Amino acid sequence: MDEEDLTRLLDKLDLRQKVRLLTGATTWRTAAEPAVGLGAMTMSDGPAGVRGEAWDEFETSALLPSATGLCAMWDEDLVERLGRLLADEARRKSVHVVLAPTLNIHRSPLAGRHFECFSEDPVLVGRTGAALIRGVQSYGVAAAAKHYVANDSETERLSVDVRVGERALREVYLAPFESAVEAGVHVVMSGYNGVNGATMTESVLLAEPLKGEWGFDGLVVSDWGAVRSTVAAALAGQDLAMPGPHGPWGDVLVDAVTGGAVGEEAVNDKVRRLLRLAGRVGALGSAGPSSFSPASATSPALSASATSRAQPASAPSPAPAASAASPARPSSPASAVAVASPPAPARRLPLSEDDRRLLRRAVVAGSVLLENRGVLPLDAAALTTVALIGDHAGTPRSQGGGSAGVFPQRVTGPLDGIKEALGDGVSVVHVPGPLVFAPPPLDPADCRDPRTGRPGVLLRVLDEAGRELCAEHRMSGRQLEPPQPPGAHTVEISTRLLPRAGGEWTLGVGGFGHMSLTVDDALLLDGEFPRETDDPAVVHVNPPCHHGRVSLTAGAPVLVVARRQLAPDTGRAVLVTAAPPRPEPARAVADAVRAARDADVAIVCVGTTEDSESEGHDREDLALPGQQDALVRAVAAANPRTVVVVNAGSPVEMPWRKDVAAVLLTWFPGQEGGAGLADMLFGAAEPRGRLPTTWGARLADVPVAATTPDAGVLHYAEGLHIGHRAWLREGREPAYWFGHGLGYTTWDYQDMTVEPTGLPLGLPATSPVGPPAGLPAGPGGADGLTVRVRLRNTGVRSGREVVQVYLAKPDSAVDRPVRWFAGYAAVEAAPGQDVTAVVHVPGRALRHWCVRDRAWRVEPGVFQVLVGPSAGRTALSGAMTAGEHGPR
């Protein structure tokens, strides 16, 4: 469909029809318009998976590693392939737009959503994000680059005004979004925050540079609820206000146009962009993603079995309402009333084996071996007993907390993966140690539906008189979107809890408003719990829990009933949690030490929790929660062959890191985390990841950490100097540099050459070698350098090395980092083999943004070219000369 076709469609719509299209029809769908053959478009959160329209545990999704894990791969081909898997999932769920990737920057390690972002470096963010976009969009599904722009922390995230200089804004924070536009992204999401005095949905940055200078022809969608004005947002480059159907536009915007406050051409441009997007994703003149052919050839991520499951999900049968003759008091959850049919099996279609192998490979590709003193890989044939220690070993964090969460069909954790890899010939002894996690939602392993006896819970919705309106069998105590039929007043979750241990249990209920919790009709908790935040992630996804304690007898079932009244503007999420008696910490550590002392090797799994690392709040420190540091120290003292596995999406302090035999970082590894971990531990695969962000030894050492606004303003006073740039500027040594990562072999960097790949750089071109496929000309560019690095695998195993190029200009008259990341290439070689890494450095790496000229400029003179395995360790150096009329 060309621009003339779009114009003809626009001409068929009157002003009111056009404006109606600019606000969502529902929480996740845009409005349809039959007059022009426009269907509704469905959006879904990403990037760890595609949830679909509903927070429904029966609507399972493929779960990828967290964004930090994807970026740690330093492998754009694999990221692109994972993007195609996301596209396949989107098509299966009839989703047109995947709200990913997140292109915000790791400015501070305290940022609560750090795990959902890629890196501290704008070049690496841009390259990884572009790869994911290419993958998602290769199958006719749109990607949405978010959150434009400088939405880098959670404290006061709905209102914070970020003050950032023009040069830092251009070179650091806007740069990844420019790369996304160059990659052809179809949608950009504007953030909640403000930048330099204007909230992003009203910011001039939507027009320039996004739509003007960069030529973005796609749609700008708001973050949910971020459009707060009519005229200001409409005059800016904001195109679509989500969610719907209510919002600040609608009839008020119609009046603003007819009254002359907003020109109709501004509305026409927004609608044109929406129609253009609809054409790209098959919603213009067709039924949507499941009805049209992929935009490219068959992807390796789309096996025959994967394609076979790409069918529309069937909906569950609605539960019948209770009879009008039902008693006025709340009815018993165990009474014999018809229950909604379970979801159709098609909703639980398993992932193909190819998809599971891809996700398992992704775990290995993104995991970073931080330390190894000769213990890894382990020789499985030499083991008789393995001590697997830590709360995270049995209940790992496979994904981060917040709006991007999905329901995986299965999760393979460390305990399962290691047991499966070792088989029956090796004893794997699991000792949790001191418990770390807050009481979890009711688990089907511990509870039974009181009406049917099936594993899980009974969910009922009651009217104000206590009559049952509907009932459903559900699997867990975490229900974020319970049904809301007409007259709904109270949500009730009940179960028969099967205590596996005797003693004092901790039970809880989460949500807002009036809530109660009973155990065998005895009231444990009852009260009013008002909503104290507007943050949608807290209101709708992670509402606070309130707890009580009760003594239970092992094996003696009890009926647990939690009720939450529904009130306006409080969401409807309900959590019911239960935790057995917590062991005394000193005894738990002693049990772990005993197991470690008797084992051939001790594997300790540590990590963050949803309370310490999640959307909706920033972290207060970098310490591991609870007694985990003490646990590691005690185990390491008992067994010198102690391997620590870190299950966290962002940096943590590891004061014991030099006292253990190995440290392996798996991030939030997705659903195949345990299988991938076993592959690495026992040598079936080499950890291939490299850090996308510098890790400090202590929070006190981190040069840029503040995320708390002052009177609503957060100053980015550090300018360009974040991440490894800041560490270099301060002359400080972190625990691990950006780019760091070990493998199971060693490398010798032997020599390098530097060649220009475009004119003018002050030197004649000496090689016809061009940029990598897909690298655009212009600001991102075809002009630049080709750096060739010869290195040798000096170890005894085949392996992979990520060769990194950094630039420096010590005599610069312009404020610059000590050195800055410019590009990379990965190579693989057998033992003793020489290999050449070819790194293409785009011309932009030599430029700086000149605030005076409002343009990109190259400072003439000599630039140093530094090569090595991390930002803090360069092995070779060279130089090149740039002329004053450098790359465009």
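Here, the structure is the one placed above.
Notes on the structure follow. (Residues numbered from 1 in each chain as written. Predicted model: local features only at pLDDT ≥ 70, side-chain atom pairs only at ≥ 80, totals over all residues. Heavy atoms only, no water.)

**Re the overall build of the chain**
The test is simple: Counting from the N terminus, the helices are the DSSP runs of H or I reaching at least four residues and the strands are the DSSP runs of E reaching at least two. In this description, contact between two residues means that some pair of their heavy atoms is separated by no more than 4.5 Å. Residue burial considers only the protein chains on display, and all accessible areas are found by Shrake-Rupley using a 1.4 Å probe.
Secondary structure summary: the chain contains 20 helices and 35 strands in total. Of the contacts made within the chain by residues no fewer than 6 positions apart, 78% connect residues no fewer than 24 positions apart. Put simply, the chain shows about 31300 Å² of open surface, and 51% of that area lies on carbon and sulfur atoms.

**A short note on helix H18 (residues 628–638)**
Side chains that are three or four residues apart share a direction in an α-helix, a result of its 3.6 residues per turn. Quick note on the threshold: Throughout, exposure labels follow a simple rule: accessible area from a 1.4 Å probe, protein chains only, divided by the maximum for the residue type, with under 20% read as buried, over 50% as exposed, and the rest as partly exposed. In this description, one arc is meant: the one made by directions from the helix axis to the C-beta atoms.
Residues of H18 that are buried: Gln628, Asp629, Leu631, Val632, Val635 and Ala636. Axial view of H18: buried residues confined to an arc of 160°, hence all on one face. Buried positions along H18 lie against strand E10 (385–389), helix H14 (391–394), helix H17 (585–597), strand E23 (601–607) and strand E24 (642–647).

**Points about the sheet that holds strand E3 (residues 142–148)**
The line we're drawing: Pairing between strands is defined by DSSP: at least two bridges between the two strands are required. Between N-to-C directions, angles cover 0 to 180 degrees, with each direction set by a line fitted to C-alpha atoms, over the stretch in contact for helices.
The parallel open sheet is built from five strands, whose spatial order is E1-E2-E3-E5-E8. Two strands in the sheet have a free side with no partner beyond their single neighbour: strand E1 (43–45) and strand E8 (219–222). Sheet twist, expressed as the average angle between the axes of neighbouring strands with direction ignored, equals 30°. In the sheet, E1 pairs with strand E2 (residues 97–99) via three bridges, with the strands oriented parallel. The partner of Met43 across the bridge, within E2, is Val97. Of the strands in this sheet, E2, E3, strand E5 (187–190) and E8 are in contact with helix H11 (residues 264–281), which crosses E8 at around 100°.

**Points about the packing of aromatic side chains**
In plain terms, the rule: A pair of aromatic rings is counted whenever rings of Phe, Tyr or Trp (Trp by its six-membered ring) have centres within 6.5 Å, and the orientation is called stacked for planes under 30 degrees apart, edge-to-face for over 60 and tilted otherwise.
On inspection of all chains with the given rule, the structure shows 14 aromatic pairs. For the pair Tyr173 and Tyr716, a centre-to-centre distance of 5.1 Å together with 50° between the ring planes defines the contact as tilted. Of this pair, Tyr173 sits in helix H6 (residues 166–173) while Tyr716 sits in the loop between strand E26 (713–715) and helix H20 (724–730), and the two are 543 residues apart along the sequence. Neither Tyr173 nor Tyr716 differs from the other in exposure class; each is buried. Relative to Trp695, the ring of Trp667 has its centre 6.0 Å away and its plane inclined at 80°; by these criteria the two rings are edge-to-face. Separated by 28 residues along the polypeptide, Trp667 in the loop between strand E25 (662–665) and helix H19 (673–681) and Trp695 in the loop between H19 and E26 bring together distant segments of the chain. A relative accessible area of 1% means that Trp667 is categorised as buried. Chaining the aromatic ring pairs together yields one cluster made of Trp74, Phe738, Tyr806, Phe821 and Tyr824.

**Some thoughts on the environment of Asp5**
Along the chain, Asp5 turns up in helix H1 (residues 3–11). Between the C-alpha atom of Asp5 and that of Arg276, which follows or precedes it by 271 residues, the distance is 9.8 Å.

**Brief notes about helix H5 (residues 122–137)**
Put simply, the test is: By definition here, a helix of n residues has an expected span of 1.5 Å times n minus one. Under this definition, polar contacts are N or O atom pairs within 3.5 Å; protein pairs additionally need one hydrogen-donor-capable and one acceptor-capable atom, and for neighbouring residues in sequence, both atoms have to be side-chain atoms.
Here H5 contains 16 residues, and its C-alpha end-to-end distance of 22 Å stays within 8% of the 22 Å for a straight helix at 1.5 Å per residue. Counted residue by residue, H5 has 13 buried out of 16 residues, so it is predominantly covered. Sitting at the amino-terminal end of H5 is Asp121, which places a side-chain oxygen 2.9 Å from the backbone nitrogen of Val123.

**Quick look at the packing of H5 against helix H7 (residues 175–182)**
Geometrically, a packed helix pair is captured by the angle between its two axes and the distance between the axes. Put simply, the rule reads: For this classification, under 35 degrees means roughly parallel, over 145 means roughly antiparallel, 65 to 115 means roughly perpendicular, and everything else is oblique. In a left-handed crossing the near helix is turned counterclockwise from the far helix by less than a right angle, and in a right-handed crossing that turn is clockwise. When residue character is reported, Ala, Val, Leu, Ile, Met, Phe, Trp, Tyr, Cys and Pro are called nonpolar, Asp, Glu, Lys and Arg charged, and the others, Gly included, polar.
Relative orientation of the contacting elements H5 and H7 amounts to 30°, with a least axis distance of 8 Å. The orientation of H5 with respect to H7, classified from their angle, is roughly parallel. Considering only the axes of H5 and H7, their crossing is right-handed. Residues Pro122, Val125, Gly126, Ala130 and Ile133 of H5 pack against Ala175, Pro176, Ser179 and Ala180 of H7. A per-class count over the contact of H5 with H7 returns seven nonpolar, two polar and no charged.

**Quick look at the sheet that holds strand E22 (residues 574–579)**
If you trace the four strands from one edge of the open sheet to the other, you get E15-E22-E17-E20, paired in antiparallel fashion. Looking at strand neighbours, the two that pair on one side only are strand E15 (478–479) and strand E20 (545–552), the edges of this open sheet. Bridge analysis of strand E17 (residues 503–510) against E20 gives eight bridges, and the strand direction is antiparallel. The partner of Gly508 across the bridge, within E20, is His547.

**Remarks on the environment of Asp521**
In this fold, Asp521 is placed in the loop between strand E18 (513–519) and strand E19 (522–529). Separated by 40 residues in the primary sequence, Asp521 and Val561 have C-alpha atoms spaced 8.1 Å apart.

**Topic: the pattern of salt bridges**
Applied cut-off: When a carboxyl oxygen of Asp or Glu lies within 4 Å of a side-chain nitrogen of Lys or Arg, that pair is called a salt bridge.
For the coordinates displayed, the defined rule picks out 58 salt bridges. Measuring nitrogen to oxygen at the nearest pair gives 3.2 Å for the salt bridge that ties Arg92 to Glu89. One end of the pair, Arg92, and the other, Glu89, are both in helix H4 (residues 76–92), three residues apart, so they sit about a helical turn from each other. The exposure classification of Arg92 matches that of Glu89, with both residues buried. Several salt bridges converge on common partners, so that one network encompasses Arg113, Glu116, Lys146, Glu154, Arg157, Asp535 and Glu615.

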